[in-house]
Amino acid sequence: MSPSSASTAGMNESCCESEKIIRFKANAIYGGKKMKVELAKGVYWVGAIDWNLRFCGSYNTPRGTTYNAYLIVDDKIALIDTVKTGFEDEMLKRIREIVDPAKIDYIICNHAEMDHSGAMPKLMEVAKKAEVYATRAGKDTLWEHYRKDWKVEVVKTGDELSLGEKTLMFISASMLHWPDNMFTYLKEDRILMSNDAFGGHIATHYRFEDEVGPLAMVEATKYFAVIVSLYSSIVQKKLKEIKDMGIAIDMIAPAHGVIWNHPGKILAAYDRWSRGEAGRKAAVVFDTMWHSTELMAREITRGIASEGVEARLFNLRTSDWGEILKEVIESRVLVVGSPTLNMGMYPTVGGFLTFLKGIRPPNKKAATFGSYGWGKGAVRDMNKALGEMKFELLPSLEIKYIPDENELTGCYEFGREIAREVIRGG
Ligand code: FEO
């Protein structure tokens, strides 16, 4: 959408103008008019939109991302997180629409990774009186990244900071996904500012989940799969800890993507994903040399689908691996196919399993298959790698050279048996 086309259509002018606050809508963007995104009274989104980010850390981000920072204006003024280097001016412009950034009293650094702390050197030159709050690991990481003599107050779970009428409470979220991560909970408004957890890489002029629709959950699933899944047991502990603390959450405001204004949905999803629960689905991935393994993959996928189980087929050479991992999180069984090359698995399959090893989704089953010539090796290597990742291994299927009609029927039946495993899984 172009700024000009987006600046007028469909706005409820009287409502927004009278309240001096415009709840951000895609049809009401920065067309020269000052815009404020308010989560609750005195709580503003002041982040930045990175429309053209196409790779972040370890996976493709075809929809870009946002770096969400939140400004709380009370007797004291607090900024929760900042933005990536290069987006400082976008954030400062949004802050200036609300207050003079020199008046910021506190900068809460929920996470020192550069996409959230990169603006701090420039910000600290403007917000000269600001004190920084971070975990012990956050303080160390800020020093190791920037070598600046900032005043950093160390906080831990349960510590509180009064801003006047509003109170911030800090909750360690260590290893979700770095040692330094923490959540900041705004008690009076029941807003959990969770940094990376519950995030998703999606650039949009909409700020709230119910404005974006299903794409928000699509990107949150992919984000969980690639960034958070490895720490599933910690997610489970953290969800229980928050429940035991009796914290009521009306809104979850992460540092990437949409704000969850109906947080039950994403909380339930994190609980489900981190326990390894999945739908009646299987994901089939493969690479192929002379199309024999591809022929097998297609028949196996047909066999799975014939039992009423949803199956998606991915060629590893042409598919987005982040999208595949999202599918793995949503599937009960992962099926991996590789031809044998030099007595081992194909390099792309080896690369994918290395990527998967860094994610290790819990409570999944796996089956392997492949074509070989005069010597085997791919299935053996794939089973070894998947077993080390704690996948429950199902039977494998190997075929010499090119599968004939009988062997293709065998592939189909192999797929049907995988489907029965999916169905038995719940
Ligand atoms: Fe969004 Fe761990 O940084």
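Residues numbered from 1 in each chain as written. Predicted model: local features only at pLDDT ≥ 70, side-chain atom pairs only at ≥ 80, totals over all residues. Heavy atoms only, no water.

**Observations regarding the pairing of strand S17 (residues 281-286)**
The element S17 is largely enclosed, with a buried count of 6 among its 6 residues. A two-sided burial pattern is seen for S17, the buried positions comprising Lys 281, Ala 283 and Val 285 on one face and Ala 282, Val 284 and Phe 286 on the other. The pairing of S17 with strand S19 (residues 333-337) spans 5 bridges and is classified as parallel. Each residue of the ladder has a partner; that of Val 284, found in S19, is Val 335. (Buried < 20%, exposed > 50% of the residue type's maximum accessible area, 1.4 Å probe, protein only. Helix = DSSP H or I, 4+ residues; strand = E, 2+ residues; numbered from the N terminus. Pairing = 2+ DSSP bridges.)

**Describing unusual backbone geometry**
Geometrically, the link from Leu 176 to His 177 is a cis peptide bond, its omega value of 15° lying close to zero. In this fold, His 177 is placed in the loop between strand S13 (167-172) and strand S14 (182-186). With phi around 65°, Asp 81 is a residue other than glycine that occupies positive phi space. Structurally, Asp 81 is set in the loop between strand S8 (77-80) and helix H3 (88-96). Assessed through its relative accessible area of 4%, Asp 81 is described here as buried.

**Description of the confidence of the model for the chain**
Across the chain, the average pLDDT comes to 92, with 92% of residues at 70 or higher. Confidence drops under a pLDDT of 50 for residues 1-33, and excluding neighbours within four residues, the segment shows 52 contacts in the predicted structure. (pLDDT = per-residue confidence, 0-100. Contact = heavy atoms within 4.5 Å.)

**Re the pairing of strand S10 (residues 131-134)**
Alignment of strand S9 (residues 106-108) against S10, held across 3 bridges, turns out to be parallel. Counterpart to Ile 108 in the pairing with S10 is Tyr 133. Sheet analysis places S10 next to strand S11 (residues 152-154), joined by 3 bridges and oriented parallel. Residue pairing in the sheet places Ala 134 in a bridge with Val 154 of S11. In terms of handedness, the path from S10 via helix H6 (residues 136-146) over to S11 forms a crossover that is right-handed. (Right-handed = clockwise from strand over helix to strand, strands pointing away.)

**A short note on the side chain of Glu 211**
As for its position among the elements, Glu 211 is in helix H7 (residues 209-212). Reaching out from Glu 211, the side chain makes a polar contact with the backbone nitrogen of Arg 207 at a distance of 3.3 Å. (Polar contact = N/O pair within 3.5 Å; in protein donor to acceptor, adjacent residues only side chain to side chain.)

**Comments concerning the sheet that holds S10**
The mixed open sheet is built from 7 strands, whose spatial order is S1-S2-S7-S8-S9-S10-S11. Unpaired on one side and paired on the other, strand S1 (37-40) and S11 mark the two borders of the sheet. Sheet twist, expressed as the mean angle between neighbouring strand axes with direction ignored, is 25°. (Axes fitted to C-alpha atoms, helices over the stretch in contact; angles between N-to-C directions.)

**Things to note about helix H10 (residues 264-274)**
Taken as a whole, H10 has its buried residues at Ile 266, Ala 269, Tyr 270, Trp 273 and Ser 274. Looking down the long axis of H10, one finds its buried residues gathered within 115° of arc, a one-sided arrangement. Residues of H10 that are buried make contact with helix H8 (214-228), helix H9 (232-244), strand S16 (251-254) and helix H12 (321-329). Of the residues trailing H10, Gly 276 is marked for its positive phi of about 85°. (Arc of directions from axis to C-beta.)

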